[in-house]
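Chain by chain, the residues:
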Amino acid sequence: MSSLLSIGTSGLLSAQVGLSTTGNNITNAGVAGYSRQVAIQVDSSTRDEGFGFVGSGTEVVAVRRFYDNFLATQLRGAEATQASLEAYSKQIAQVDNLLADPTAGLSPALQDFFNGVQDATSNPASAASRQALLSSAGSLTSRFQGLSARLTEIAAGVNNQIAANVTEINSYAREIANLNNSISGLSTDGKPANDLLDHRDQLVTELNKLVKTTILQGPNNTLTVEMGTGQPLVVGTTAFQLGTSNSPTDVARVTLGYQADNGGFSALPESVFTGGQLGGLLEFRNGALDRAQNSLGQVAAGLAVSFNAQHVLGQDQNGDLGTNFFGPINAYVGRNNRNSMASTADVTAVVTDASALTASDYSVDFDGTNFSVTRKSDGKITQINPFPQTVPQTIDGVDYTITGTPQAKDNFVVRPTYQAASQMNVLIVDRSKIALAAPITTAAPTTNSGNGKITAGTVDAAYLVPGAALTAPLTLTYDKASASFSGFPATQDVTVTVNGTSTVYPAGTASIPYTDGAQISFGGMNFAISGTLADLDKFTVGPNVSGVGDSRNGALLAALQSKNILDGGKATYQTTYAQMVNFVGNKAREAQISNSAADAAVQQATNQQQSVSGVNLDEEAANLLRYQQAYQAAGKVVQMASTLFDTLLNIR
């Protein structure tokens, strides 16, 4: 009787465990990270009764969770990619909306500004047209500043999100380390702590949404969590803490690394932090955001420098040479705070050539003997030669001036265009100072016998060299016998260009051969004489004594709008800006498409993982009935054993 009672009791206990496990599955079906559990039931040992072996009941040897590490790893990877793309997409959408706005973008302001230049050129004596030009110039600089400020705000927001992500990562790392400790203590007898394992796996899943990690199995069911190329985050019961710090060359930019308990900070390469929200934020900041800010600055710096270069070649209403219309563009220079305290080296960089300007950043390094400038976009290195300098050295349209006493390993970061848009400002406030006229005039007297003509003169940068400009009219006289001109300045070389081929005649040359239509240049002044000339025909070149109604320089300023100036003379202001807008728009669209694909990948991986670990309520309901019936049947066995035992006791 006792054997029968023991068998029935074991059945009751096993069914009870089955009911409890099934009930636990049902109640946790909606809990994130919960893995379906099942009671593993086996038969107990049998006894040899002579005529054969008789069973002694059943027992539950374990409660096993359904978990597939491969599927879980696949799901975590898909979720890390999804989180990265989602973070990237949200950020770049802000930039895309900002730059592509037809009313708030840069294109309308550029068009309005050059409309003002054209209107002033058409009416050079009009005070209203000149004032309208200054007004549109102010609006343009405000638009540059506004766009730059908004991009800076987005960058600051990215910094804040990076810091918040680091705080969350540290929290998850500590919790995982604590669970490693708890799980290892409970796993010494070989029985896994299913609920703790599920909790830890869920923390690892949430951690991967912040930064992609690699999970390695450790002793006693512990996990090792690594980032990137093997940088540890959790090792057993130890959690390494991440931190943020200002960039050594830019206080407005945060860097990532290990944070020690004593406050020490050890920077890590940003390539370590891939995937997850953190990876998406860093990819956005280092890619689309930096390029947008640099490209916007390239347009601003290119416009300011090239417009100034032409404006100073003109003449204002007061008869003076033009001055800079826009303020200078100084490159951002970040001195590495790790430079030697003994170093007094200082680097300044000023944008001077719009056509050679790039949107790249540069690293300036001292090796103990020489300074070198490295273009970060392609690694091209240019040495500062000579050093110490006697004059600034121009590299990619930027004048570098290095002073002081450097120390080995001194480092500076130069960003020529990063802050250029925020620096845009109009220097001219007096409308009469707008240099729309040309500083020289040319004329062919009506007394000439031939039909020769002379073009309206223009000047170039050489005209600004002291002593080059004419102080009085110069008369060129044609000698028919020698087919040449005399009367050129005795102190200046004369260049004659015919069909692209130039011939230089040294200063003091008595006569210069005449070629119909040839371009003649000296002292920064350029003109051409054409036609059939008669003996002693004269042509005059001299300073412009009254430029009130002259707009020749204004026409050259207006022509800058459609001139290929930027990107090595391959792009206009508008096309450069349009390329930037197109780049950001394409990246935003790519992110949206990739994000949709990532959503589908996550859903597929989730379905596969849930097919193993997920709770099926229909299946659990069936199990509930099965265990209920088993419990009732085992109860009948116990009842029968009790009845038989009572019968034996009642026999007299």
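Structural data are supplied above this passage.
This text gives an overview of the structure that appears in the document.

How each quantity is defined
- Residues numbered from 1 in each chain as written.
- Predicted model: local features only at pLDDT ≥ 70, side-chain atom pairs only at ≥ 80, totals over all residues.
- Heavy atoms only, no water.
- Helix = DSSP H or I, 4+ residues; strand = E, 2+ residues; numbered from the N terminus.
- Rg over C-alpha atoms; globule rule 2.2 N^0.38 Å.
- Buried < 20%, exposed > 50% of the residue type's maximum accessible area, 1.4 Å probe, protein only.
- Contact = heavy atoms within 4.5 Å.
- Areas by Shrake-Rupley, 256 points an atom, 1.4 Å probe, with all protein chains shown as cover.
- Lys, Arg positive; Asp, Glu negative; His and termini not counted.
- Charge placed at Lys NZ, Arg CZ, Asp CG, Glu CD.
- Core = buried A, V, L, I, M, F, W, Y, C linked by side-chain atoms within 4.5 Å.
- Pairing = 2+ DSSP bridges.
- Patch = residues over 30% accessible without salt bridge, like charges linked within 9 Å, V, L, I, M, F, W, Y side chains within 5 Å.
- Salt bridge = Lys/Arg side-chain N within 4 Å of Asp/Glu carboxyl O.
- Phe/Tyr/Trp six-rings, centres within 6.5 Å; stacked < 30°, edge-to-face > 60°.
- Lys NZ or Arg CZ within 6 Å of the ring centre and 35° of its normal.
- Axes fitted to C-alpha atoms, helices over the stretch in contact; angles between N-to-C directions.
- Arc of directions from axis to C-beta.
- Polar contact = N/O pair within 3.5 Å; in protein donor to acceptor, adjacent residues only side chain to side chain.

With respect to the overall build of the chain
Each helix and strand in the chain was counted, giving 11 helices and 30 strands. Computed over its C-alpha atoms, the radius of gyration of the chain comes to 41 Å, more than 25% above the 26 Å expected for a compact globule of 652 residues. Once the C-alpha set of the chain is aligned to its principal axes, its extents read approximately 165 × 50 × 40 Å. Per-residue burial over the chain gives 46% buried out of 652 residues. Expressed as a percentage of contacts within the chain between residues at least 6 apart in sequence, the contacts between residues at least 24 apart total 70%. Summed over all atoms, the accessible surface of the chain reaches about 30,400 Å², with 53% contributed by carbon and sulfur. Between the centroid of the 37 positive side chains of the chain and the centroid of its 51 negative side chains there is a distance of 2 Å.

With respect to the nonpolar core
Judged by nonpolar contacts, the single largest core of 105 residues is most densely connected at Phe113, Phe144, Phe273 and Tyr400. The dominant element in this core, judged by the number of residues it contributes, is helix α4 (residues 127–186), at 19 residues. Setting aside residues up to four positions removed in sequence, Phe113 forms contacts with Leu133, Ser136, Ala137, Leu140, Phe307, Phe325 and Phe326. The next biggest cluster of nonpolar side chains, apart from the first, holds 25 residues, and it includes Tyr478, Phe488, Val496 and Val541.

Some details on the pairing of strand β28 (residues 519–522)
Successive residues of a regular strand alternate their side chains across the two faces of the sheet. Across three bridges, strand β25 (residues 494–498) lies against β28 in antiparallel orientation. Along β28, the bridge assignment pairs Val496 with Ile520. Bridge count between β28 and strand β29 (residues 525–530): four bridges; the pairing is antiparallel. Directly across from Phe522, in β29, lies its bridge partner Met525.

Considerations on a nonpolar patch on the surface
Nonpolar side chains collect at one region of the surface, where Ile26, Leu617 and Leu624 lie side by side and expose about 230 Å² of accessible area between them. Tracing the sequence through the fold places Leu624 in helix α11 (residues 617–650). Residue classification places Leu624 among the partly exposed residues on the basis of a relative accessible area of 35%.

Points about unusual backbone geometry
Each neighbour pair has its own omega, and for Asn385 with Pro386 the value is 0 degrees, a cis peptide bond. Note that Pro386 resides in the loop between β16 (381–383) and β17 (393–395). Geometrically, the link from Phe387 to Pro388 is a cis peptide bond, its omega value of 5 degrees lying close to zero. Looking at the secondary structure, you find Pro388 in the loop between β16 and β17. Residues other than glycine seldom take positive phi values, yet Asn221 does so here, at roughly 65 degrees.

Quick look at the packing of aromatic side chains
Under the definition given, this model contains 19 aromatic pairs. Residues Phe485 and Phe539 carry aromatic rings whose centres are separated by 5.9 Å and whose planes lie at 75 degrees to one another, so their mutual orientation is edge-to-face. Here Phe539 lies in strand β30 (residues 538–543) and Phe485 lies in strand β24 (residues 484–486), a separation of 54 residues in the sequence. Given the relative accessible area of 2%, Phe485 is considered buried. Residue Phe539 is classed as buried on the basis of its relative accessible area, which comes to 0%. Its end group placed over the ring of Phe66, Arg64 keeps NZ or CZ at 4.6 Å from the ring centre. The positively charged end of Arg291 is found above the aromatic ring belonging to Phe583, 3.8 Å away from the centroid.

Some thoughts on the pattern of salt bridges
Inspection of the entire model under this criterion finds 17 salt bridges. Residues Arg285 and Glu270 are paired through a salt bridge, measuring 2.5 Å at the closest nitrogen-oxygen approach. With Arg285 in helix α6 (residues 276–311) and Glu270 in the loop between β11 (265–267) and α6, this residue pair connects regions lying 15 residues apart in the sequence. Arg285 gets classed as buried once you look at its relative accessible area, which sits at 2%. We note a salt bridge from Asp550 to Arg552, for which the minimum N-O separation is 2.8 Å. By relative accessible area, Asp550 is classed as buried at 12%.

Re the sheet that holds β24
Judged by pairing direction, the sheet is antiparallel, and its five strands sit side by side in the order β20-β30-β23-β24-β27 without closing on themselves. The outermost strands of the open sheet, each flanked by one partner alone, are β20 (440–443) and β27 (511–513). Strand-to-strand, the axes of this sheet are offset by a mean angle of 25 degrees, without reference to chain direction. Bridge analysis of strand β23 (residues 474–479) against β24 gives three bridges, and the strand direction is antiparallel. Bridge pairing links Tyr478 to Phe485 in β24.

Focus: the environment of Asn115
Examined against the element boundaries, Asn115 turns out to sit in helix α3 (residues 106–122). Here the alpha-carbon distance between Asn115 and Gln561, two residues 446 residues apart in the chain, equals 9.8 Å.

Some thoughts on helix α8 (residues 552–559)
Working note: α-helix, 3.6 residues per turn, so residues spaced by three or four point in the same direction. All of the buried residues in α8 are Asn553, Gly554, Leu557 and Ala558. Looking straight down α8, one finds its buried side chains confined to an arc of 145 degrees; they lie on one side. Looking at the buried side of α8, the elements it contacts are α3 and α6.

Thoughts on the side chain of Thr213
Looking at the secondary structure, you find Thr213 in strand β5 (residues 213–217). For Thr213, a relative accessible area of 10% translates into the label buried. Within the local environment of Thr213, its side chain forms a polar contact with the side chain of Asn208, the two groups lying 2.8 Å apart.

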